[in-house]
Amino acid sequence: MSTENLPQSPEQQLRKPRVAVVFGGRSSEHGISVVTAGAVLRAIDRTKYDVLPIGITGDGRWALTADEPERMAITDRRTPSVDELAESDEGGVVLSVDPGSREVVYSEPGVVPKALGEVDVVFPMLHGPYGEDGTLQGLLELSGVPYVGSGVLASAVGQDKEYMKRVFVSFGLPVGPYEVVRPREWELDPAAARKKIVDFAGEHGWPLFVKPARGGSSMGITKVDSLAGLDDAIAEARRHDPKILVESLLRGREIECGVLEFEDGPRASVPAEIPPVTSHDFYDFEAKYIDSATGLVPAPLTAEQTEEVRRLAVAAFDAASCEGLVRADFFLTEGGSFVINEINTMPGFTPISMYPRMWQESGVEYTELVDRLIQAALRRPTGLR
């Protein structure tokens, strides 16, 4: 059910829209989610919006947190957590699933629950499973609360790299060679599951990348140069996700492009290039977030290459039925063609993240970027659309 046409009280008509920034979560990307949310909290125009920060702890508790973005930064190579920011060790925030109400309630054991008021839009700054993968989006659809970013289907497709690639192939978008090993295959015959990867390497060559099929922030990914490192790589990927994806190495340049929903539809930013990271084997978690690897914005491409990668980025956005925003990651192969690696339906918003940097170079400053995402969510009804 859509709440777009619910009657508004005089108080609702007079007050500023209220934005609940939800962050943290149960995935291995919890800390980066907190960092991202801190940057967004700093950027939201407080003269235009009221803000309610809600953190989700690692065990899934929705906690009321202080609005203190300065505490939500990487310090001494360590990411923050919601448990450090929560105002109580036991209190919980509950969002009504009644689509006729957007009331948020806070309760603690032995204390009368306290109404925190209504929420007009949710900005879900969650990365990975239990937040970016359609699960939170489904809850918000049930609650009738608009939210920033893609809906249930696109979020799920964007999180599961296997089905993402299957969707892209069905729309004629170029993807590289890959193999998937599902949990049941490990359970029924681990030797056969491992042989599936070995056979893939025999066909496509070493090195290859072993990664969680439904992960992000480059966590759990290992570049494997030979058979000797395969078992450890499989164990690391399965530590994050029982379903793993194996990809062959595509030799070329790493190119990224941002897509943002405007009033007249999605548009692509100028692209960026991730240059080779000499201090890391590939563009892994530490290179992205700890050591502040620097991307080139805009990417040094020809006009024709820039036009093509922007076209492909919007095509990927549309193929997966995305909304709001996407960062699309590509390889520009040595043969001169683009291959799409993946999309990220809730890319990082840390100060060094590529998505806001690409849009800044495209003429959309950080504060305007956040505002456009909130406004797009407020325009969009919940339910079938």
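**Observations concerning the overall build of the protein chain**
Moving on, step 1. Summing up its helical and strand segments, the protein chain has 13 helices and 16 strands in all.
Moving on, step 2. Across its three principal axes, the protein chain shows a C-alpha extent of roughly 65 × 50 × 40 Å.
Moving on, step 3. Looking at the protein chain as a whole, 54% of its 385 residues qualify as buried.
Moving on, step 4. Per element, the accessible surface of the protein chain, about 16,700 Å² overall, is 51% carbon and sulfur.
Moving on, step 5. With 39 positive and 59 negative side-chain charges, the protein chain shows a separation of 2 Å between the mean positions of the two kinds.

**Quick look at the sheet that holds strand β1 (residues 18-24)**
Moving on, step 1. Read across the open sheet, the four strands follow the order β3-β2-β1-β7; overall the sheet is mixed. Two strands close off the open sheet at either side, each with one partner strand: β3 (62-64) and β7 (121-125). The average angle at which neighbouring strand axes cross in this sheet is 30°, direction not considered.
Moving on, step 2. Judged from the five bridges that link them, β1 and β7 form a sheet pairing that is parallel. Pairing of valine 22 across the sheet is with proline 124, part of β7.
Moving on, step 3. Along the sheet face, helix α2 (residues 30-43) touches β1, β2 (50-56) and β7 and points at about 155° away from the line of β1.
Moving on, step 4. Packed onto the sheet, helix α13 (residues 366-379) meets β1 and β7 and runs at close to 130° relative to β7.

**Thoughts on helix α9 (residues 230-240)**
Moving on, step 1. Looking at α9, one finds that the buried residues are Leu230, Ala233, Ile234 and Ala237. Projected onto a plane normal to the axis of α9, the buried residues spread over an arc of 100° and lie on a single side. Every exposed residue of α9 that faces more than 90 degrees away from the buried side is listed here: Asp232 and Arg239.
Moving on, step 2. Structurally, α9 contributes buried residues whose contacts are with α7 (183-188), α8 (190-204), β9 (208-212), β10 (222-224) and β11 (244-248).

**Describing the state of the cysteines**
Moving on, step 1. Enumeration according to the criterion identifies zero disulfides in this entry.
Moving on, step 2. As a non-bridged cysteine, cysteine 257 has cysteine 322 as the owner of its nearest cysteine sulfur, 13 Å distant.

**Description of α8**
Moving on, step 1. The end-to-end C-alpha separation of α8 is 21 Å, in line with the 21 Å expected for 15 residues at 1.5 Å each.
Moving on, step 2. Among the residues of α8, those classed as buried are Ala193, Ile197, Phe200 and Ala201. Buried positions in α8, seen along its axis, are confined to an arc of 100° and lie on one side of it. Exposed and oriented more than 90 degrees from the buried face of α8 are Ala191, Gly202 and Glu203.
Moving on, step 3. Its buried side turned inward, α8 meets β8 (178-181), α7, β9, α9 and β11.
Moving on, step 4. Two residues or fewer after α8 comes glycine 205, characterised by a positive phi angle close to 90°.

**Thoughts on the packing of aromatic side chains**
Moving on, step 1. Tallied over the full model, the rule gives five aromatic pairs.
Moving on, step 2. Connected via pairs of aromatic rings, a cluster forms that spans Phe123, Phe349, Tyr355 and Tyr366.
Moving on, step 3. Between the NZ or CZ atom of arginine 26 and the centre of the ring of tyrosine 130, over which it lies, the distance is 4.0 Å.
Moving on, step 4. Lying across the ring of tyrosine 178, lysine 165 places its NZ or CZ 5.7 Å from the centre.

**Observations regarding the packing of α2 against α13**
The description of two helices packed together rests on the angle between their axes and the distance between the axes.
Moving on, step 1. Running from N to C, α2 and α13 cross one another at 95°; their axes reach a closest spacing of 9 Å. Here α13 runs roughly perpendicular to α2, going by the angle between their axes. Residues Ala39, Val40 and Ala43 of α2 lie in contact with α13, whose contacting residues are Tyr366, Thr367 and Val370.
Moving on, step 2. Of the residues in the contact of α2 with α13, the class split is five nonpolar, one polar and no charged.

How each quantity is defined
Residues numbered from 1 in each chain as written. Predicted model: local features only at pLDDT ≥ 70, side-chain atom pairs only at ≥ 80, totals over all residues. Heavy atoms only, no water. Helix = DSSP H or I, 4+ residues; strand = E, 2+ residues; numbered from the N terminus. Buried < 20%, exposed > 50% of the residue type's maximum accessible area, 1.4 Å probe, protein only. Areas by Shrake-Rupley, 256 points an atom, 1.4 Å probe, with all protein chains shown as cover. Lys, Arg positive; Asp, Glu negative; His and termini not counted. Charge placed at Lys NZ, Arg CZ, Asp CG, Glu CD. Pairing = 2+ DSSP bridges. Axes fitted to C-alpha atoms, helices over the stretch in contact; angles between N-to-C directions. Contact = heavy atoms within 4.5 Å. Arc of directions from axis to C-beta. Disulfide = S-S within 2.5 Å. Expected span 1.5 Å × (residues − 1). Phe/Tyr/Trp six-rings, centres within 6.5 Å; stacked < 30°, edge-to-face > 60°. Lys NZ or Arg CZ within 6 Å of the ring centre and 35° of its normal. Parallel < 35°, antiparallel > 145°, perpendicular 65-115°, else oblique. Nonpolar A, V, L, I, M, F, W, Y, C, P; charged D, E, K, R; others polar.

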